[in-house]
Amino acid sequence: DAYLRKGETAKAKRVFETISKALPKEPLSHYRLGIIARASRNDAEAIAHFEEALSANPNAIEPLTLIAAIKNTQGKSADARERVTKQLTVSPNSPLIYNLLGEQWAMAKETAKAETAFKKAIEINEALPISYLNLAGLYLRAGKIEEAAQEYETALAKNPRLASTHMMLGVIAEHKKDFSRAISRYEDALKINPKFAPAANNLAWLLIEQGGNSDVALSYAQTAREQLPQDPNMADTLGWIYYRKGVYLKSLSLLKEAVEKLPDNPTVHYHYGMAQYKYGDVAGAKSSLGHALRIGKTFLGNEEARTTLSSL
């Protein structure tokens, strides 16, 4: 492990091979050898080692997860599901394997089968938050908002320090236009992890859009940007807050970056166009606002975009 952390893969491999020869039923060395083989893009060797690890410890979820991942990468999703299902004959009471099976069915958009697997995982171990989260995500994608919220709440009852779960409940509240509750949920997430970029970004957006303190919104947006400097959504939020504060030059730089990375997002083009308009770039504003209205009809701010474009 020390060799692996230093990047000395060949030395690590020799040590793990020595261990596996001396202790062939010891699963960890086979698992590590599988990791090394996968990093070298030797899928067949990686799967062989992961299978050895599973033979030694049939309940181990990590090697099974990676076998499924390799098969999915190879375009063999049916084989991945079949392999996970096969492991249940050996470990029929493993909630993590049922959870993994649910994830495989969810990837295949087999919602009913995924739901059955996640519920079976919960039935076996009702204290396992990941299955509630996966079930909630399944409901959310299916438009079952209330069912999703209930599963997230249940997950929080098991573990109240799940920042991502508070985040998802914030997203649901925002979707329902319950903005004060959404703000509260994002704040809860940030109490657990003050550098949780998605929550900081969404909170900054809501504060600036709902008449909150613009300096506080700016601070949250800067935190999100620092954590995910390459994410165009963070650039868009921070740029829009600078626009609202009248700092148009900084706004333009950030919004241009967002537009280049999100060329099909009408809201981002609208933001960039408004910043160009305020900065005095009439031609640029015409182009950006016109493009926003061509590619989107119902985005937030479309009326302002239309009115501003008409005035130009």
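None of the values given here were measured: they were computed from a predicted structure.

Visitor: How do you make sense of the pattern of salt bridges when you look at a structure like this?
Guide: One side chain can pair with another of opposite charge once the charged atoms of both are near each other. Counting across every chain of the model gives 15 salt bridges. With its nearest N and O atoms 2.7 Å apart, the salt bridge here joins Asp1 to Arg32. Taken as a pair, Asp1 in the segment before α1 (2-5) and Arg32 in helix α3 (residues 27-39) lie far apart in primary sequence, 31 residues in all. Where Asp215 meets Lys245, a salt bridge forms, and the shortest distance between an N and an O atom there is 2.6 Å. Linking Asp215 in helix α14 (residues 214-227) with Lys245 in the loop between α15 (232-244) and α16 (248-261), this pair joins segments that are 30 residues apart in sequence.

Visitor: Please explain helix α2 (residues 9-22) as it appears in this structure.
Guide: Think of an α-helix as turning once every 3.6 residues; residues three or four places apart then point the same way. Taking 1.5 Å of rise per residue, 14 residues should cover 20 Å, and α2 covers 20 Å from first to last C-alpha, within 8% of that figure. Here α2 has its buried residues at Ala12, Phe16 and Ser20. Buried residues of α2, seen end-on, are gathered within an arc of 70° and therefore sit on one face of the element. Counted as exposed and oriented over 90 degrees from the buried face of α2: Thr18, Lys21 and Ala22.

Visitor: What should I look at first to understand the nonpolar core in this one?
Guide: As a rule of thumb, nonpolar side chains are buried together in soluble globular proteins. Residues Tyr186, Phe196, Ala199, Trp240, Ile241 and Tyr270 are the most contacted members of the largest nonpolar core, which totals 45 residues. Secondary structure elements with two or more residues in this core: α11 (163-175), α12 (179-192), α13 (197-209), α14, α15, α16, α17 (266-279) and α18 (282-295). Here this core gets 9 residues from one element, more than from any other, and that element is α13. When residues no more than four places from it in sequence are discounted, the contact partners of Phe196 are Ala163, Ser164, Met167, Ala189 and Leu190. Listed in part, the 41 residues of the second largest apolar core include Leu100, Trp105, Phe118 and Ile122.

Visitor: Sorry if this is basic, but what is going on with the packing of aromatic side chains here?
Guide: Geometrically, a pair of aromatic rings is defined through the distance of the ring centres and the angle of the planes. In the structure shown here, the tally under the stated rule is 5 aromatic pairs. Ring geometry for Trp240 and Tyr243: centres 4.5 Å apart, planes at 10°, overall stacked. Here Trp240 pairs with Tyr243, and both are found in helix α15, just 3 residues apart, close to one helical turn. Between Tyr270 and Phe299 the ring centres are 5.9 Å apart and the planes differ by 45°, which places this aromatic pair in the tilted class. Here Tyr270, found in helix α17, pairs with Phe299, found in the loop between α18 and α19 (302-311); they are 29 residues apart in sequence, far enough to count as distant. The class for Tyr270 is buried, based on a relative accessible area of 4%. In this structure an aromatic cluster arises from ring pairing among Trp240, Tyr243, Tyr248, Tyr270 and Phe299.

Conventions and cut-offs
The numbers attached to residues start from 1 for each chain and follow its sequence in the written order. Only residues with pLDDT of 70 or above have their local features reported here, since the model is predicted, and side-chain atom pairs are shown and tallied only from 80 upward, although totals for entire chains, interfaces and linings are computed over all residues. Excluding hydrogens and water, the side-chain values take into account all heavy atoms of the structure. A pairing counts as a salt bridge when a side-chain nitrogen of Lys or Arg comes within 4 Å of a carboxyl oxygen of Asp or Glu. Note on conventions: DSSP H or I runs of at least 4 residues are helices, E runs of at least 2 residues are strands, and numbering of each starts at the N terminus. A helix is expected to reach a length of 1.5 Å times the quantity of its residues less one. Burial status follows relative accessibility: with a 1.4 Å probe on protein chains alone, a residue under 20% of its type maximum counts as buried, one over 50% as exposed, and anything between as partly exposed. Each C-beta atom gives one direction from the helix axis, and the arc is the one those directions make. Here, the term nonpolar core denotes a set of buried Ala, Val, Leu, Ile, Met, Phe, Trp, Tyr and Cys residues that are joined through side-chain atoms within 4.5 Å. Here a residue-residue contact requires only that any non-hydrogen atoms of the pair lie within 4.5 Å. Centres within 6.5 Å are what make two rings of Phe, Tyr or Trp a pair, Trp counting through its six-membered ring; a difference in plane orientation under 30 degrees is then read as stacked, over 60 as edge-to-face, and the rest as tilted.

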